[in-house]
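# An overview of the molecular structure
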Amino acid sequence: MTGAHVEDSHGVGAGMVRAVPYYGGFAVTSHRAPAPPALSPAVVADWQAGGGSVFELLSLVNALGPVARVSFGAVDAVLVSQPEAVHHVLALHPERYVKRSHRLAPLLGGGVLTASGDPWRAQRRLLQRHFTGQGIRRFEGAIDGAAERASLLWERASGTGEVRDLAGDLRFYSLDVIWRCLTGRPVTPETYEELRAVDAIIGALPVVPRPGDAPPDLGPEFARIDAVVERTIAEVRASPSGAGLLHVLLEAYDTEQLVRDEVATLIFAGHETTATTLAWLYLFLDAEPHWRAWALERGADGVRALLAETLRLYPVAWLMPRHATEDDVLAGYRVGAGDIVLTSPYFTHRDPGLWPEPDAFRPDRPHLAERHPAGHGAYYPFGLGPRACLGAQFTHREAQALLERVLPAFVPKLLDRPGPAFDITVHPAGPLPGTIQRA
Ligand code: HEM
C-alpha cells in the first residue's frame, strides 16, 4: 500500500536525526519512524479519473488512520487528525509547521491572517487588544445595532410570509457587524452586494495549495473588493468621528497599503465565517426543532451549546494547511521537511473514538463546554496556538446578540436543506430559501 517512491521523496537520510517528543511512552527519532500509511497510486488515479473533490480524496486518506498521506505530484500531503499530533503541529511547534504561500495572500497581502514573523506579531498584538476581554466592549453598541436591524427585518418578513434567502440575511448581518465595528456606521445594501465577490473567491480558490499550480484568475473579484476598501478608507479618513477600528488602524499602521490589507482581512475573515456558522445552526434546528426549546430553557448556555455543536460538525475553516520546515514525528510517523501538513477539525470532530455518534447533532453532548479528555486537539474550530482565530470571542458575542433576539421570537421554515460544499470553507451548497414565522 505504501508507495516507496513517496517515502524517498521525504529526503530523510543520515545526519538528519533529531530527538523528538515522546509518543506512546518511547522516544522516536524521525529517521527511525515509519512513514504514515499512504493512499495507493491506483486509488488516487481512480479518484482523479472520477473527477472527485479534494474532500473526497481526503476522506479516503483519513480512513487510513489518524496520520496518513497522499502524494500530490511532487509533494506529499499528510492529513493529521489525532488530537495530540494536531496540538503538536498547531500549538507546540508552529515554527516547524508554518503558513506558506497562503491561498488568500493575493487578496489579503500583509494582513494579519497572511503575514508572518515580526510584522505579524506587531499586528496581532495591536488587534488582540480590540478583539478580546475589555477591548471587545467597545464593539457592543455596533453588534447590538446590527442585531436589532436583523431582528426588525425578520419581524417584517414574518408579517408578509415572503420567501427569503436566510443565508443572505445572516451574511448581511455578519457584514453589518464587522462594518459597524470598522467604520462606525451600518453597511449599505450596495456595499453588501459589492462584497458578494467574496463568495466567488471562496468558490474559486484551491482547497489545498500545491506548489507550482497557477493561481485562479480572480482579478475582477479582487478589484471589486479593493474598490470598496479604498473608498471606505477615504470616507473614514475624511470623517471627524473616530468611532471605528479603522481609525485605530490609520493611526497605528505605517502604510496605506497595510491598512488596506488589514481591512480586507477583517472583512474576509470576519463575516463569511460567522454567517456560515449561523446558517448551519439554522439548518440543524430546521431538521431537529426540539433543540430550539432545549436551548431557550438554558438561556445563554443553551445558545453557546448550539454554536459549539454546530462548529463541531461544520468547523467553517475545515482545513488548515501548514508547510513542514523540518523532519519530525507525528503520532509515531515520520513527516518530512517540505510536506504539506493538513490539520482538519472536520475529520477530528467526526472521529467516533472521540465523539460518539459523531454525525448526530447533539448540543447536550459532554465535552463541548469543557476541555475534551483527549486534549485541546480534539476540538478546535478556531484553530490552536499562536495563529488561532483572533475573532473567536467576537464571533460568540455576535452570534449571541442575534440569537438572543431572534431565537425566542421567530422560527424560520426552510424550503430546501442543501448539503455541504467543501471549498476553503465548508458551507451550505446553495441558498437557504424559507419563510420566517413568529414563534
Ligand atoms: C465562526 C466563526 C469563525 C471561525 C470558525 C473561525 C476560524 C478560524 C480559524 C480556524 C483560524 C486559524 C486558521 C489557521 O490556523 O490556519 C482563524 C484565524 C483568524 N480569524 Fe477566525 N474564525 C471565525 C470568525 C472570525 C471573526 C469574526 C474574525 C474577525 C472579526 C476572525 C478573524 C481571524 C483572523 C484575523 C485570523 C488570523 C489570525 C492570525 O493568523 O494571527 N475570525 N479563524
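One can find the structure itself at the top, above this paragraph.
The following refers to the structure shown. What you see is a predicted model, and the numbers here were worked out from it, not measured in a lab.

Let us now look at the overall build of the chain. Helix and strand counts for the chain come out as 16 helices and 14 strands. A compact globule built from 439 residues would reach a C-alpha radius of gyration of about 22 Å, and the chain, at 22 Å, matches this within 12%. Taking the principal axes of its C-alpha atoms as reference, the chain extends roughly 70 × 50 × 45 Å. Considering the chain as a whole, with its 439 residues, one finds that 54% of them fall into the buried category. Long-range pairs, those at least 24 residues apart, make up 73% of the contacts in the chain between residues at least 6 apart in sequence. Counting every atom, the chain has about 18,300 Å² of accessible surface; 55% of that belongs to carbon and sulfur.

In this section: the packing of aromatic side chains. Under the criterion given, the structure shown has 19 aromatic pairs. Ring centres of F55 and F347 lie 5.9 Å apart, and the angle between their planes is 5°; this geometry places the pair in the stacked category. With a gap of 292 residues between them, F55 in helix α3 (residues 54–62) and F347 in helix α15 (residues 345–349) connect regions that are remote in the sequence. The exposure class assigned to F347 is buried, which follows from its relative accessible area of 7%.

What follows concerns helix α6 (residues 117–131). Taking 1.5 Å per residue, 15 residues should reach 21 Å; α6 reaches 21 Å between its end C-alpha atoms and fits that length. Of all the residues in α6, the buried ones are W120, Q123, R124, L126, L127, H130 and F131. Residues of α6 that are buried in the fold lie against α12 (245–252), α13 (256–287) and α16 (392–409). Taken from the residues just after α6, G133 is the one with a positive phi, measuring 45°.

Packing of helix α8 (residues 166–183) against α16 leaves a shortest axis separation of 11 Å and a crossing angle of 125°. Here α8 is positioned oblique relative to α16, judged by the angle of their axes. Classified by chirality, the crossing of α16 by α8 is right-handed. Mapping the contact onto sequence places L170, Y173, S174, V177, I178 and C181 in α8 and F394, E398, A401 and L402 in α16. Classifying every residue of the contact of α8 with α16 by side-chain character gives eight nonpolar, one polar and one charged.

In this section: the pairing of strand β14 (residues 433–438). Summarising the sheet, strand β6 (residues 164–165) and β14 pair through two bridges and their orientation is antiparallel. Note that in β14 the partner of R164 across the bridge is G434.

To continue, consider the site of the ligand. Among the 26 residues in the neighbourhood of the ligand, the closest are listed as W120, R124, R322, R387 and C389. Note that an oxygen atom of the ligand is positioned 3.4 Å from one of the side-chain N or O atoms of K99. The backbone of A269 places a nitrogen or oxygen atom 3.4 Å from a nitrogen atom of the ligand. Only α6, α13, β7 (320–324) and α16 provide two or more residues apiece to the shell around the ligand. A breakdown of the residues in the shell around the ligand according to their chemical character gives 15 nonpolar, seven polar and four charged.

Quick look at unusual backbone geometry now. The phi dihedral of A331 falls on the positive side, at around 50°, and the residue is not glycine. One non-glycine residue, H367, lies in the positive phi region at around 75°. Looking at the element boundaries, H367 is found in the loop between α15 and α16.

Quick look at the sheet that holds strand β10 (residues 340–343) now. Hydrogen bonds between backbone atoms are what pair the strands of a sheet, whose relative direction is either parallel or antiparallel. Overall, mixed pairing links the five strands, which are arranged β3-β4-β10-β7-β5 in an open sheet. Since the sheet does not close on itself, it has two edges, and those belong to β3 (67–72) and β5 (97–98), each with one partner. Examined bridge by bridge, β7 and β10 share four bridges and lie antiparallel to one another. Bridge pairing in β10 links P321 to L342. Most of the contacts of α3 go to β3, to which it runs at about 135°, and overall it touches β3, β4 (75–80) and β10.

About the criteria used
- Residues numbered from 1 in each chain as written.
- Predicted model: local features only at pLDDT ≥ 70, side-chain atom pairs only at ≥ 80, totals over all residues.
- Heavy atoms only, no water.
- Helix = DSSP H or I, 4+ residues; strand = E, 2+ residues; numbered from the N terminus.
- Rg over C-alpha atoms; globule rule 2.2 N^0.38 Å.
- Buried < 20%, exposed > 50% of the residue type's maximum accessible area, 1.4 Å probe, protein only.
- Contact = heavy atoms within 4.5 Å.
- Areas by Shrake-Rupley, 256 points an atom, 1.4 Å probe, with all protein chains shown as cover.
- Phe/Tyr/Trp six-rings, centres within 6.5 Å; stacked < 30°, edge-to-face > 60°.
- Expected span 1.5 Å × (residues − 1).
- Axes fitted to C-alpha atoms, helices over the stretch in contact; angles between N-to-C directions.
- Parallel < 35°, antiparallel > 145°, perpendicular 65-115°, else oblique.
- Left-handed = near helix turned anticlockwise from the far one by under 90°.
- Nonpolar A, V, L, I, M, F, W, Y, C, P; charged D, E, K, R; others polar.
- Pairing = 2+ DSSP bridges.
- Near = heavy atom within 4 Å.
- Polar contact = N/O pair within 3.5 Å; in protein donor to acceptor, adjacent residues only side chain to side chain.

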